[in-house]
Amino acid sequence: MKNTPRTLVIGLLFGSLIGCQHTPAEKSAILIPQQLQQEALSSNLAYELVESLTVEVGPRLAGSEKDLIAVQWAQDKLNSLGFDRVYKEAVQVPVWSRGEAKAKILFPYSQPIVITALGGSIATPKTGIQASIARFDSLAALKLASKAEVEGKIVFIDHITERHITGKGYGKTVGGRSRGAITAAEKGALAIVIRSIGTDHDRMAHTGMMRYKEGVTKIPAAAMSNPDADLIKLMLKRDPNVVLDLFMSPQRLGYATSYNVIAEVTGSSKPDEIVLISAHLDSWDEGTGAIDDGAGVAIVTSAAKLIQDLAVKPARTVRVVLYAAEEVGLIGGKAYAKAHQDELAKHYIAAEADFGTGRIYQIDYRVNDKAFTALQTLSTPMIQNGVVMGSNMASGGPDVSMLPKQGVPVASLRQDGRDYFDYHHAPNDTLDKIDPAALQQNVAAYAQFAYLMAQSEIELRPLAAK
């Protein structure tokens with residue numbers, strides 16, 4: 001097998017294990033993950049959950065009235081599913097109201113364009129802002145610009161997001177959304193409008209969080225649809241002086257209380273040790289939050305329910321955390337880490353589902369290097385569900401990304417993200433974008449992962465260097 005791919009070798013070994021003589025514990029490590037996969041692939045629970053969340057609650061911006069309705073929805077659902085323990089933990093979240101956002105080209109060709117306010121943005125003056133556009137290919141190009149190129153203008157960052165299975169194009173463009181207003185303001189811009197961080201061609205704008213910096217003037221920040229970004233680029237080829245009329249009326253309204261909602265399957269012999277699987281409950285307010293992150297909520301809840309219903313519970317506790325306010329700064333994740341500081345040493349491993357419903361094709365870990373090979377071998381039942389073994393360079397997901405610094409091992413169950421940014425943070429993040437069969441495959445992967453980790457005897461700490 002010298003030149004045989006590693007994942008194939010593991011798969012062959014797994015296949016041979018099934019036919020061998022094993023102790024009851026060894027058999028359960030093989031047969032129960034198979035059982036969980038079969039049950040997940042025949043269950044409609046996850047789809048029913050995300051349908052319920054999007055229809056009965058819908059958009060649930062952190063700090064809004066719908067946010068608290070979502071919290072109550074989550075508590076009711078988790079209790080109805082019979083988890084051993086269901087509770088919530090308070091989190092203070094910022095309150096921001098979107099208001100109106102509209103724009104039009106005044107010169108050289110009068111046309112309306114589709115925009116949306118970026119999360120956290122301030123408003124324009126009541127009369128709006130009318131100014132020439134200063135276009136840049138990227139945030140990096142804006143940083144290199146002189147003040148004379150920017151001062152008194154509306155900055156336009158025209159950075160196209162690349163489509164990729166890992167979603168890595170987002171990492172290249174998102175800086176313009178999150179930090180562009182700071183750089184533009186430092187150079188005297190009146191406002192900033194970015195090309196949407198999306199891979200679609202729909203005339204819809206994608207929202208998302210932006211940041212201000214203490215001591216730097218706050219300026220309005222918006223995103224425009226990709227077709228409108230193309231339109232402005234073509235206008236600039238015809239005339240370098242394109243004038244935009246921009247009006248926005250968002251408001252910052254202080255702080256409110258939201259909640260992380262938590263459910264547990266109590267471990268049979270190591271109940272104080274935690275396998276954490278998670279998602280975030282909040283969403284942006286433009287769509288109904290189906291793929292971001294209603295799908296994740298449904299995936300981890302359904303996976304834990306399958307484990308809850310096993311005749312014999314696994315050794316460790318499986319904890320489901322539905323985080324508050326991920327979209328506005330990972331606030332629920334940070335609050336959880338702080339509230340559970342004394343318990344983090346008992347967290348065996350953590351993962352988060354927050355990338356839609358694309359099929360999981362690979363699992364990465366971040367554990368002790370000496371434990372990595374053994375952990376891959378333990379995870380071989382997942383191969384039957386189409387999940388190959390990956391690297392030891394996982395981040396775990398947004399809300400658990402801060403845990404490795406505190407010694408907690410993490411896993412990343414990699415989903416096919418080629419179409420995720422077609423819908424991400426946009427009005428068309430709706431239920432019809434979810435593939436029920438792919439959703440079931442995700443549930444199977446998370447159920448297998450959580451069960452195997454809850455039964456594992458491998459020492460995962462200290463973490464591998466990253």
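So, how was this worked out
- Residues numbered from 1 in each chain as written.
- Predicted model: local features only at pLDDT ≥ 70, side-chain atom pairs only at ≥ 80, totals over all residues.
- Heavy atoms only, no water.
- pLDDT = per-residue confidence, 0-100.
- Contact = heavy atoms within 4.5 Å.
- Helix = DSSP H or I, 4+ residues; strand = E, 2+ residues; numbered from the N terminus.
- Buried < 20%, exposed > 50% of the residue type's maximum accessible area, 1.4 Å probe, protein only.
- UniProt positions renumbered as here; feature names shortened; annotations may be inferred.
- Phe/Tyr/Trp six-rings, centres within 6.5 Å; stacked < 30°, edge-to-face > 60°.
- Lys NZ or Arg CZ within 6 Å of the ring centre and 35° of its normal.
- Axes fitted to C-alpha atoms, helices over the stretch in contact; angles between N-to-C directions.
- Parallel < 35°, antiparallel > 145°, perpendicular 65-115°, else oblique.
- Left-handed = near helix turned anticlockwise from the far one by under 90°.
- Pairing = 2+ DSSP bridges.
- Polar contact = N/O pair within 3.5 Å; in protein donor to acceptor, adjacent residues only side chain to side chain.
- Salt bridge = Lys/Arg side-chain N within 4 Å of Asp/Glu carboxyl O.
- Domains from an automatic or database assignment.
- Buried area = accessible area lost by both parts, 1.4 Å probe.
- Nonpolar A, V, L, I, M, F, W, Y, C, P; charged D, E, K, R; others polar.

1. Points about the confidence of the model for the protein
Piece 1. In this model, the protein carries a mean pLDDT of 94, and residues with pLDDT of at least 70 account for 94%.
Piece 2. With pLDDT under 50 throughout, residues 1-20 is counted as low confidence; its partners more than four residues away or in other chains account for 22 contacts.

2. Side note on the side chain of Asn-428
Piece 1. Topologically, Asn-428 is positioned in the loop between α12 (420-423) and α13 (436-455).
Piece 2. Residue Asn-428 is classed as buried on the basis of its relative accessible area of 8%.
Piece 3. The residues touching Asn-428, leaving out its near neighbours within four places in the chain, are Asp-202, Met-204, Asp-422, Tyr-423 and Lys-433.

3. Re the side chain of Ser-121
Piece 1. With respect to the helices, strands and loops of the structure, Ser-121 is situated in the loop between β4 (115-117) and β5 (129-136).
Piece 2. Residues contacting Ser-121, with those up to four places away along its chain left out, are Trp-96, Met-210, Tyr-212, Ile-219, Pro-220, Ala-221, Met-248 and Pro-250.

4. Remarks on the UniProt feature "domain: Peptidase M28" (unreviewed entry) in the protein
Piece 1. Listed under "domain: Peptidase M28" (unreviewed entry) in the UniProt record, and renumbered for this structure, are residues 260-449.
Piece 2. Here residues 260-449 is 29% helix and 24% strand, with 22 Å between the C-alpha atoms at its ends.

5. Description of the packing of aromatic side chains
Two measures describe an aromatic ring pair: the distance that separates the ring centres and the angle between the ring planes.
Piece 1. Within the structure shown, the criterion is met by six aromatic pairs.
Piece 2. Their ring planes at 90° and their centres at 6.4 Å tell us that Trp-96 and Trp-284 sit as a pair that is edge-to-face. On the criterion of sequence distance, the pair formed by Trp-96 in strand β1 (residues 85-97) and Trp-284 in the loop between β11 (270-280) and α9 (290-308) is long-range, its members being 188 residues apart.
Piece 3. What makes Trp-284 buried here is its relative accessible area of 4%.
Piece 4. Through a chain of ring-to-ring contacts, the aromatic side chains of Tyr-170, Phe-355, Tyr-420 and Phe-421 assemble into a single cluster.
Piece 5. Here the basic side chain of Arg-85 rests over the ring of Tyr-87, its NZ or CZ set 3.9 Å away from the ring centre.

6. Some thoughts on the packing of helix α3 (residues 45-56) against α9
Piece 1. Relative to each other, α3 and α9 sit at 140°, their axes nearing to 8 Å. When the axes of α3 and α9 are compared, the pair comes out oblique. Classified by chirality, the crossing of α9 by α3 is right-handed. In this structure, α3 uses Leu-45, Ala-46, Leu-49, Val-50, Leu-53 and Thr-54 to contact α9, whose residues at the interface are Ala-290, Gly-294, Ala-295, Ala-298, Thr-301, Ser-302 and Lys-305.

7. Structural notes on the pairing of strand β9 (residues 243-248)
Piece 1. The element β9 is extensively covered by neighbouring structure, given that six of its six residues are classed as buried.
Piece 2. Both faces of β9 are covered, namely the face carrying Val-243, Asp-245 and Phe-247 and the face carrying Leu-244, Leu-246 and Met-248.
Piece 3. Alignment of strand β2 (residues 101-107) against β9, held across six bridges, turns out to be antiparallel. The partner of Ala-103 across the bridge, within β9, is Leu-246.
Piece 4. Pairing between β5 and β9: four bridges, direction antiparallel.

8. Considerations on the environment of Ser-268
Piece 1. Looking at the secondary structure, you find Ser-268 in the loop between β10 (251-265) and β11.
Piece 2. The spacing of Ser-268 and Val-312 is 44 residues in sequence and 7.9 Å in space, taken between C-alpha atoms.
Piece 3. Not counting residues within four places of it along the chain, the set of residues in contact with Ser-268 comprises Lys-313, Pro-314 and Ala-315.
Piece 4. Of the polar contacts made by the side chain of Ser-268, one reaches the backbone oxygen of Lys-313; its length is 3.1 Å.

9. Quick look at the sheet that holds strand β6 (residues 154-157)
What links the strands of a sheet is backbone hydrogen bonding, and the strands pair in either a parallel or an antiparallel sense.
Piece 1. The strand order across the open sheet built from eight strands is β3-β2-β9-β5-β6-β7-β8-β4, with neighbouring strands paired in mixed fashion. Every other strand in the sheet has two partners, leaving β3 (111-113) and β4 as the edge strands with one partner each. If you compare each strand with its neighbour and ignore which way they point, the axes differ by 30° on average.
Piece 2. Relative to strand β7 (residues 191-195), helix α7 (residues 168-186) is tilted by about 150°, and along the sheet it contacts β6, β7 and β8 (221-224).
Piece 3. Sheet strands in contact with helix α8 (residues 226-238) are β2, β3, β5, β6, β7 and β8, and its direction is about 140° off that of β3.

10. Some words on the pattern of salt bridges
Piece 1. Summed over the entire model, instances satisfying the criterion amount to 20 salt bridges.
Piece 2. We note a salt bridge from Asp-422 to Arg-163, for which the minimum N-O separation is 3.0 Å. You can see Asp-422 sitting in helix α12 and its partner Arg-163 sitting in the loop between β6 and α7, a full 259 residues away along the chain.
Piece 3. On the accessibility criterion, Arg-163 (43% relative accessible area) is partly exposed.
Piece 4. A salt bridge links Asp-432 to Lys-433, with the shortest nitrogen-to-oxygen separation between them at 3.0 Å.
Piece 5. One salt-bridge network, in which partners are shared between bridges, spans Arg-135, Asp-137, Asp-158, Arg-195 and Asp-230.

11. Here we look at the domain arrangement of the protein
Often the size quoted for an interface is simply the accessible area lost on bringing the parts together.
Piece 1. According to the domain assignment, the protein consists of domain 1 (27-96 + 254-455) and domain 2 (100-249).
Piece 2. Computed over C-alpha atoms only, the centres of domain 1 and domain 2 are separated by 33 Å.
Piece 3. At the interface, 21 residues of domain 1 touch 25 residues of domain 2.
Piece 4. Summed over both partners, the interface of domain 1 with domain 2 buries about 1,700 Å², with 59% contributed by carbon and sulfur atoms.
Piece 5. Applying the counting rule to domain 1 against domain 2 returns one salt bridge.
Piece 6. Our enumeration of links across domain 1 and domain 2 arrives at eleven residue pairs in polar contact (both at pLDDT 80 or more).
Piece 7. Of the residues forming the side of domain 1 that touches domain 2, the biggest block, three residues, is contributed by α12.
Piece 8. Residue composition of the side of domain 1 that touches domain 2, by class: nine nonpolar, six polar and six charged.

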